[in-house]
Amino acid sequence: MNFIKDFPNLFQFFGGYFPDSDLDNLTDEDIVSKYVLQHFLNNDYKKIEELIVDIERLINGIDSYWVEVGDEANRYFENSQDALRWLNMIKVELNKL
């Protein structure tokens with residue numbers, strides 16, 4: 001199993017948007033809003049939809065990837081359930097916008 005190969009959209013999303021967010025005083029919800037707005041303004045709804053599909057796939061296989069999710073997003077999760085709660089929050093935020 002390879003997180004980058006299995007979830008390239010999430011790898012780019014986590015690595016590109018989350019690692020330095022604390023330096024900008026952004027919440028995770030702010031980050032998702034920023035991502036959606038950027039793709040919305042570029043009429044790239046497909047990227048948002050693909051990200052939601054990948055998150056759903058990842059949620060179903062979280063036990064195999066929770067450490068990688070934390071590493072790529074620069075977040076600490078105590079266990080897979082902690083990562084699962086975070087991913088579900090991200091999914092809810094993506095679906096709101």
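What comes next concerns the included structure.

Definitions and cut-offs
- Residues numbered from 1 in each chain as written.
- Predicted model: local features only at pLDDT ≥ 70, side-chain atom pairs only at ≥ 80, totals over all residues.
- Heavy atoms only, no water.
- Helix = DSSP H or I, 4+ residues; strand = E, 2+ residues; numbered from the N terminus.
- Rg over C-alpha atoms; globule rule 2.2 N^0.38 Å.
- Buried < 20%, exposed > 50% of the residue type's maximum accessible area, 1.4 Å probe, protein only.
- Contact = heavy atoms within 4.5 Å.
- Areas by Shrake-Rupley, 256 points an atom, 1.4 Å probe, with all protein chains shown as cover.
- Lys, Arg positive; Asp, Glu negative; His and termini not counted.
- Charge placed at Lys NZ, Arg CZ, Asp CG, Glu CD.
- Core = buried A, V, L, I, M, F, W, Y, C linked by side-chain atoms within 4.5 Å.

**Digging into the overall build of the chain**
So, point 1. A count of helical and extended segments in the chain gives 6 helices and 0 strands.
So, point 2. Along the chain direction, N to C, the helices and strands of the chain fall in the order α-α-α-α-α-α.
So, point 3. For the chain, whose C-alpha radius of gyration is 13 Å, the value lies close to the compact-globule estimate of 13 Å for 97 residues.
So, point 4. Considering the chain as a whole, with its 97 residues, one finds that 38% of them fall into the buried category.
So, point 5. By sequence separation, contacts in the chain at least 24 residues apart represent 62% of the contacts at least 6 residues apart.
So, point 6. When the accessible surface of the chain is summed, it comes to about 5900 Å², and 48% of that surface belongs to carbon and sulfur atoms.
So, point 7. Treating the 9 positive side-chain charges of the chain as one cloud and the 19 negative ones as another, the clouds have centres 5 Å apart.

**Points about the nonpolar core**
So, point 1. Formed by 29 residues in total, the largest nonpolar core has its most connected members in F14, F18, L58, W86 and L94.
So, point 2. Among the elements of the structure, α2 (8-17), α3 (28-41), α4 (45-60), α5 (62-73) and α6 (80-96) are those that each provide at least two residues to this core.
So, point 3. Per-element accounting of this core gives the leading share, 7 residues, to α6.
So, point 4. Residue contacts for F14: discarding those within four places in its chain leaves F3, P19, L58, V69, E72, A73, W86 and L87.

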